[in-house]
Amino acid sequence: MLKKPETLFVLGYMLLPLLALLSAIVGLTMILGGNKIAGAIVLVVVTQVFAFGAFYALRLRKTAVLEDGKRT
């Protein structure tokens, strides 16, 4: 299921960037609310995981599309 270009498109261009944006907002809200350590962890770790996950999904999509093009 994660090898289909359509699924990787949704993950790479829509879902993971949206989750990265939301986690960045949550992290900044936590920092401004006084919970600095947990907010910094959310801001640095969780946001970066979602962002790099999006890049990884896009790279997998590119290889899947190129592979599909070679078959036909």
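Residues numbered from 1 in each chain as written. Predicted model: local features only at pLDDT ≥ 70, side-chain atom pairs only at ≥ 80, totals over all residues. Heavy atoms only, no water.

Inspection of the secondary structure puts T47 in helix 2 (residues 36–71). We classify T47 as buried; its relative accessible area is 10%. Of note is the side chain of T47, whose polar atom sits 3.2 Å from the backbone oxygen of L43. Excluding residues within four positions of it along the chain, T47 makes contact with A20, S23, A24 and V42. (Helix = DSSP H or I, 4+ residues; strand = E, 2+ residues; numbered from the N terminus. Buried < 20%, exposed > 50% of the residue type's maximum accessible area, 1.4 Å probe, protein only. Polar contact = N/O pair within 3.5 Å; in protein donor to acceptor, adjacent residues only side chain to side chain. Contact = heavy atoms within 4.5 Å.)

Moving on, we come to the UniProt feature "transmembrane region" (unreviewed entry) in the protein. Within this numbering scheme, the UniProt entry marks residues 7–31 and 37–58 as carrying the feature "transmembrane region" (unreviewed entry). Note that residues 7–31 is 100% helix and 0% strand, and that its end C-alpha atoms are spaced 34 Å apart. Note that residues 37–58 is 100% helix and 0% strand, and that its end C-alpha atoms are spaced 31 Å apart. (UniProt positions renumbered as here; feature names shortened; annotations may be inferred.)

Gaps left between atoms show up when a probe the size of a water molecule is rolled over them. Here the largest pocket defines a volume of roughly 250 Å³. Around the largest pocket sit L2, K3, K4, P5, L8, L60, T63, A64, E67, D68 and R71, which together line it. Among the elements of the structure, helix 1 (5–33) and helix 2 are those that each provide at least two residues to the lining of the largest pocket. A total of six residues in the lining of the largest pocket trace back to one element, the largest contributor, which is helix 2. Looking at side-chain class alone, the lining of the largest pocket contains five nonpolar, one polar and five charged residues. (1 Å grid on protein atoms, 1.4 Å probe; cavity = no way out; pocket = protein on both sides within 12 Å on 5 of 7 lines; lining within 4 Å. Points joined across faces, edges and corners; volume = space filled by probe spheres on them. Nonpolar A, V, L, I, M, F, W, Y, C, P; charged D, E, K, R; others polar.)

Between its terminal C-alpha atoms helix 2 stretches 52 Å, which fits the 52 Å expected from 36 residues at 1.5 Å a residue. The set of residues buried in helix 2 consists of G39, V42, T47, A54, A57 and A64. On its buried side, helix 2 packs onto helix 1. (Expected span 1.5 Å × (residues − 1).)

Under the definition given, this model contains one aromatic pair. On the numbers, 5.1 Å between centres and 50 degrees between planes, the contact of F9 with Y13 is tilted. Of the two residues, F9 and Y13 are both situated in helix 1; the distance of four residues between them amounts to about one turn of the helix. For F9, a relative accessible area of 31% puts it in the partly exposed group. (Phe/Tyr/Trp six-rings, centres within 6.5 Å; stacked < 30°, edge-to-face > 60°.)

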